[in-house]
Amino acid sequence: MKTVYPQIVTSADMLKSTIQLEQLTQKLKQNNAKVAAITNSRLYGLLPFWHTLKAQNIKPVLGLTVNIQLESAVIEMVLYAKDANGYENLLKISSSLETRDITALPKRWLEAYKNGLIGLYKGDATTTFEQLSELQLIFGNLNFYLAIERQNGEKLEHEEMIMQFSEQLSIPITAFHMSRYIEKEDAFAYEVLNAMDQSLKMNDHTRLKPSTNTLHLLSNEEWSRWFSDVPSWLENTEQMLNSCNVSIERTASIMPKYPLPETKNSKDFLRELCEDGLNNRLKEVTKPYIDRLNYELSIINQMNYEDYFLIVQDFMKFSKQQNILTGPGRGSSASSLVAFSLNITDVDPLRYGLLFERFLNPERITMPDIDIDFADSRRMEVIQYVVKKYGQNYASQIITFGTLSAKAAAREVARIFGFESSTLEAISSFIPSKPGITLKEAFAMSEKLRAFIQTEEIRKKWFDVALALEGLPRNASTHAAGVVLSPVPLVDVIPIQSGHEDIYLTQWPMKEVEQIGLLKMDFLGLRNLTIIERILKIINYKQSNPFKLSEIPLHDELTFQLLQQGDTTGVFQLESAGMRQALKQINPTKFEDVVAVNALYRPGPMESIPLYAKRKAGQAPVTYEHPILEPILKETYGIIVYQEQIMQIASKMAGFTFGEADLLRRAVSKKNREVLQSERVHFVQKAIQVGHSEQSASAVYDLIVRFADYGFPKSHAVAYSVISFQMAYLKAHFPVAFYSALLSQATGNQAKINELLMEMKHKGITILAPSIFRSQRFFTIENGGVRFGLQAIKGVSHNFIQKLLQKRMEREHKWEDIFELASDLSAVHFTRKNVEPLIKAGALDDFGFDRSTLLSTLDAAVKYAELISPTEESDLFGGDASHFGKSKYIKTDPLPIMEKLQFEKEVLGQYFSEHPTLSKKKTLRDNLNDIWDILQTTRDMPVKIVGLIQDIKRIRTKKGEAMAFLTVQDDTGNLSVTLFPEEYAKFNALLKEQEMLVITGKSERRNGRTQIITKHIEK
């Protein structure tokens, strides 16, 4: 018998197997396998299984393990797809089970979907003649098989009974063996995984253990030995699997259709919309625009992508009608005039020299890909619109799988082994926090991890299991952006399952969805668009003539001043310290400079920023490798910044079409030596034909090679720079609205709130304290300043704020005192836990008593609420408790200033009333520096500051000497302070958190960050 495998469960069936495809194919080849079947409980992992085995010349068989509801009982079966019809029925069966609230497939559904399927039933002690007769009636004689399993090759008592049934009903018997791991030694790792699936620890007595430890891939010798007395069963297994012939090679793209009346066709309708749109967008549609539009439409028609553009313009139109803010464009789609005409993008590609072939290349047919950014708070509305328009069965979101990372595998296995929580924390700290790190790499890098493993046998076992489970799929969730659209019901093409909000989810992730030929679209949520939306709402509150983003000019002087100063906190893409430094260097004076900064500020290209800045400022000559490059590289001062420039050079120098030039750019960026040489010959020969010398052509080709992987898509840089510029404009012209929106968005991120408030103080923008009478949930504008939002007070619950705002709105008069507030909110909400942070934040200062008195009175007020309004429904005095009499305030001495400030720091994350360093600064008449001013300067200089220590990090140098890094704060900002060993030895005794010190030293900039090198410290 050739080695065949009738039942392999892969790790794609989450937590049901440790079998990963790479190891599986190696083992199958080693075992000389001819056929192997995947039989997961869902169709997860089916497509990669088929492609991977096919590539290794092993026949893949597609199966599904399901529960069937028969007349008398629920039984488990394996269904194999015999042909294309059977494969389609597998999709439908899996989808039916996963989109309905059922655990077993009703018999009538199986009867409806049986065509093209083979049914395999494993006989056991509970099997009845009636059940087999029932199944045989469904599948017929040719497509129904019995199976008998021999765990470890041992015969079971019920075999005789099954064989009798087989004979009586003429049902062939096959040899059955389920594989859930590859080697026999993997049994324990699988048992741990099984415990993980049950969410139980290994020592839990309720844990269901695997019924056998032989769920490995059997060798040919094991198959033959275990079933030596019944070779016909093995032959039947092989015959059954060989009768399955399914091909799922992609034949063509499955493009969705845009619904149009019969009198219209997509091609004409698209042209009509484009021409109307272009006339609306431009004052005058000149010949270059007409030619470009005609060219793009001819390519789109040639590729049959008209419906795609119509679908995208339709949901973009819906977004704009619903006032859902969308981005100006993203990626290469911003280079399309058709997209601009249809209001899909807001970037005029001719104005910025953007090339359509960077988006759709007629010489490299790919699916179109227009990714759209939406305000993240409203993105779901657009997805719901699309699903409603095209139908729940034709549109769905896409699944994504989370895997066990190194750290997750280590922790999860340790938890199941019953390790203490402190050990779990230690394990996490032993594994370096490096993206994508593996346990093998962690073992090599971390001495602590190696020492931990080697001390006990159980720890070695733990690590071996963690290595075995690392990388396995752990959970399924919804892809952040992906939506799939189909012209036919999705279940005809892919399996689906229940998702959220009545929108289905594909059972296959994005790569597999695209592999099958379906169109995937990305609906991306962009937080910065939500911030812009909020800023506009604040600006336009009660305005009869609302300000629109489209009114923002891209040549505003005030905005350029802000960018030149690097004043870009909160500005999309331009916030980092390095980006601010780049802006100061380049000194933007036109929108194109912002585009260049966005494209250059990446590892590699950023080395060109100083040269760009010098050439722009006239401090260095602008040179070109060849005169033909000047018109192409003039805007970037002779430096190749964009991919489009590489394409233009290939077109000008060697007469390439833009399609050919795009292929050249892609090929060269991969740095394959053979490809580089063949492309050099191609480029140089064509350049010679155009009339250039071999030497100059070769020099220009070298330039292309050098910059090919540096080049950034200009279309994306322009589109995203529009958002950057819009935010910078709003910050420059509407700073109060800008900060208010940004603070609200940062709620929960104390470091960000502090950074913004420091900046506002420096700019003289008033920050108003939280108030139960005036504050809203988020930050709001009030009298030209920004009022603190209640949600930003640490420790106050969401429900409490909701109830407070509701009661405040219902009242005609303000609460007179804390007791009236207590009775109004009821004992349910008025608790010490909710109200104490409000008092510490100063939100109850409006009652006219010191915070110490309010804190002393709080318990009495809580008791008052418990007496007057114990629940929200009960009010013992019908809203009038005056005849009962109120409690009185317990008056105490005012809080000492430092205690008051510490309370503010605790609940607001900062000293609100007055920063402690201010009083110290007033007593010192010396020339002191504010931290803010030090952070703004780019030059090194001697400094002296008053700072409050926020954090101390003590380390030892390679020589073993002690030194420290401090984070200190004054009323203007935070700064890093370094004490080298000599200074550390002198001043270590003064270093305590919250200690106020006078620090003298030298400011120094490194890697875009400012620090102080300490010379002297005193109290």
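Residues numbered from 1 in each chain as written. Predicted model: local features only at pLDDT ≥ 70, side-chain atom pairs only at ≥ 80, totals over all residues. Heavy atoms only, no water.

1. Structural notes on the nonpolar core
Within the largest apolar cluster, 138 residues are counted, with the highest numbers of intra-cluster contacts made by Phe683, Ile772, Ile818, Phe830 and Leu844. The next biggest cluster of nonpolar side chains, apart from the first, holds 71 residues, and it includes Leu70, Leu90, Trp223 and Val246. (Core = buried A, V, L, I, M, F, W, Y, C linked by side-chain atoms within 4.5 Å. Buried < 20%, exposed > 50% of the residue type's maximum accessible area, 1.4 Å probe, protein only.)

2. Thoughts on the packing of aromatic side chains
Each aromatic ring pair is characterised by the separation of its centres together with the angle its planes make. Scanning the model with the defined rule gives 41 aromatic pairs in all. What links up through ring pairs into an aromatic cluster is the set Phe188, Phe417, Phe419, Phe430, Phe443, Phe452, Trp462 and Phe463. Here the basic side chain of Arg281 rests over the ring of Phe340, its NZ or CZ set 4.4 Å away from the ring centre. Above the plane of the ring of Phe188 lies Lys461, whose end atom (NZ or CZ) is 4.3 Å from the centre. (Phe/Tyr/Trp six-rings, centres within 6.5 Å; stacked < 30°, edge-to-face > 60°. Lys NZ or Arg CZ within 6 Å of the ring centre and 35° of its normal.)

3. Digging into helix α35 (residues 818-829)
Taking 1.5 Å of rise per residue, the twelve residues of α35 would be expected to cover 16 Å, yet its terminal C-alpha atoms sit only 13 Å apart, more than 12% below that figure. For α35, a buried count of eleven out of twelve residues is recorded, marking the element as mostly surrounded by other parts of the structure. All of the buried residues in α35 are Ile818, Phe819, Glu820, Leu821, Ala822, Ser823, Asp824, Leu825, Ser826, Ala827 and His829. Turning to α35, the residues buried within the fold contact α34 (798-810), α36 (832-841) and α37 (851-868). (Helix = DSSP H or I, 4+ residues; strand = E, 2+ residues; numbered from the N terminus. Expected span 1.5 Å × (residues − 1). Contact = heavy atoms within 4.5 Å.)

4. Some remarks on the sheet that holds strand β17 (residues 780-782)
Spatially, β16-β18-β17 is the arrangement adopted by the three strands of the open sheet, whose pairing is mixed. Each having just a single partner strand, β16 (767-768) and β17 make up the two edges of the open sheet. Direction of pairing for β17 relative to strand β18 (residues 785-787): antiparallel, over a ladder of three bridges. The residue of β18 that forms the bridge with Thr780 is Arg787. (Pairing = 2+ DSSP bridges.)

5. Here's the deal with the environment of Ala697
The topology assignment puts Ala697 in helix α30 (residues 694-707). Separated by 120 residues in sequence, Ala697 and Ala577 place their C-alpha atoms 40 Å apart.

6. Description of the sheet that holds strand β20 (residues 962-970)
Read around the closed barrel, five strands run β19-β20-β21-β23-β22, paired in mixed fashion. Within this sheet the neighbouring strands show an average axis-to-axis angle of 50 degrees, counted without direction. Two strands pair when backbone bridges link them, and strand β21 (residues 973-979) and strand β23 (residues 1009-1018) are joined in this way by three bridges, in the parallel orientation. Counterpart to Ser976 in the pairing with β23 is Gln1011. (Axes fitted to C-alpha atoms, helices over the stretch in contact; angles between N-to-C directions.)

7. Examining the packing of helix α23 (residues 577-586) against helix α24 (residues 591-600)
Packing of α23 against α24 brings their axes to within 11 Å, and their N-to-C directions diverge by 140 degrees. By the angle between their directions, the pair α23 and α24 is classed as oblique. Both α23 and α24 take part in a crossing whose hand is right-handed. Residue-level contacts link Met579, Ala582, Leu583 and Ile586 of α23 to Asp593, Val597 and Asn598 of α24. By residue class, the composition of the contact of α23 with α24 is five nonpolar, one polar and one charged. (Parallel < 35°, antiparallel > 145°, perpendicular 65-115°, else oblique. Left-handed = near helix turned anticlockwise from the far one by under 90°. Nonpolar A, V, L, I, M, F, W, Y, C, P; charged D, E, K, R; others polar.)

8. So, the side chain of Asp307
When you line up the elements, Asp307 lands in helix α12 (residues 306-321). Since its relative accessible area comes to 6%, Asp307 is described here as buried.

9. Some remarks on the pairing of strand β4 (residues 74-81)
Among the eight residues in β4, six count as buried, and that is most of the element. One ladder, built from seven bridges, connects strand β3 (residues 59-69) with β4; its direction is antiparallel. Residue pairing across strands places Asn67 opposite Glu76, the latter belonging to β4. In textbook terms, the turn of a hairpin is the stretch between consecutive antiparallel strands, and for β3 and β4 this stretch comprises four residues.

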